[in-house]
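Reading the structure
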Amino acid sequence: MSRWAQTYSRWPADGRPASLRTMWADTLLSLEQGHLLRLGAWAMLSSLSGTALLAWLAVRHATAPMVRHFGIQMAAWGVVNGMIAYWAWRGLTLRDFAGTQRLLNILWLNTGLDVGYAAVGVTLAIAGWRWGLRLGAVGAGLAVVVQGLVLALLDYRLIALIGPVK
């Protein structure tokens with residue numbers, strides 16, 4: 001195994017999964033930084049795509065409620081996610097075992113909330129479709145589904161990288 005792979009892999013050289021008891025604090029800090037950079041990238045992509053959709057509608061003088069509400073949700077979620085990533089980045093520090101366990105608890109809670117957001121988005125989209133073809137509600141619901149699922153994947157990825165508590 002190369003030196004880079006040994007340094008950045010969550011698997012030790014002997015092939016066993018890493019655990020919190022064998023992970024160094026600086027490795028965990030590096031994983032957290034990567035997570036927040038991915039969250040910040042998603043926030044920028046969300047904000048830019050939502051803003052681009054709204055600008056495209058304005059230039060074309062189009063009234064597309066589904067696209068408009070999808071764009072509004074994407075832009076708004078992007079701004080909020082960007083603020084969360086910035087705030088969390090400022091608070092990064094080396095963690096001990098108890099701090100890491102608290103981080104994992106927060107990540108699992110966030111993952112559950114993210115899945116809940118996606119479920120609310122599905123409900124909003126279905127309700128908008130079934131009760132009067134309210135396309136704005138459908139577009140907003142679809143954007144909430146996208147945000148919830150991507151955020152859940154990002155949080156779960158960090159959980160998986162940290163590894164099991166042994």
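Look a little higher up for the structure.
Cut-offs applied
Residues numbered from 1 in each chain as written. Predicted model: local features only at pLDDT ≥ 70, side-chain atom pairs only at ≥ 80, totals over all residues. Heavy atoms only, no water. Helix = DSSP H or I, 4+ residues; strand = E, 2+ residues; numbered from the N terminus. Buried < 20%, exposed > 50% of the residue type's maximum accessible area, 1.4 Å probe, protein only. Contact = heavy atoms within 4.5 Å. Areas by Shrake-Rupley, 256 points an atom, 1.4 Å probe, with all protein chains shown as cover. Phe/Tyr/Trp six-rings, centres within 6.5 Å; stacked < 30°, edge-to-face > 60°. Polar contact = N/O pair within 3.5 Å; in protein donor to acceptor, adjacent residues only side chain to side chain.

1. Description of the overall build of the protein chain
Looking only at helices and strands, the protein chain features five helices and zero strands. Across the protein chain, helices and strands are ordered from the amino to the carboxyl terminus as α-α-α-α-α. Expressed as a percentage of the 166 residues in the protein chain, the buried residues total 34%. Put simply, 78% of the contacts in the protein chain that link residues at least 6 apart link residues at least 24 apart. Accessible area for the protein chain stands at about 10,300 Å²; split by element, carbon and sulfur atoms hold 68% of it.

2. Observations regarding the packing of aromatic side chains
Taken as a whole and judged by the stated rule, the model has two aromatic pairs. Their ring planes at 70° and their centres at 5.4 Å tell us that W77 and Y117 sit as a pair that is edge-to-face. Residue W77 is located in helix α3 (residues 65-90), and its partner Y117 is located in helix α4 (residues 97-130); the two are separated by 40 residues in the primary sequence. For Y117, a relative accessible area of 32% gives the class partly exposed. Plain terms: the ring middles of W108 and Y156 are 5.9 Å apart, the flat faces sit at 65° to each other, and that makes the pair edge-to-face. One end of the pair, W108, is in helix α4; the other, Y156, is in helix α5 (residues 135-162), with 48 residues separating them in the sequence.

3. Observations regarding the environment of T123
Within the secondary structure, T123 sits in helix α4. Judged by its relative accessible area of 51%, T123 is exposed. Sequence-wise, T123 and A137 are 14 residues apart; in three dimensions their C-alpha atoms are separated by 9.8 Å. Only 2.9 Å separates the side chain of T123 from the backbone oxygen of A119, close enough to count as a polar contact.

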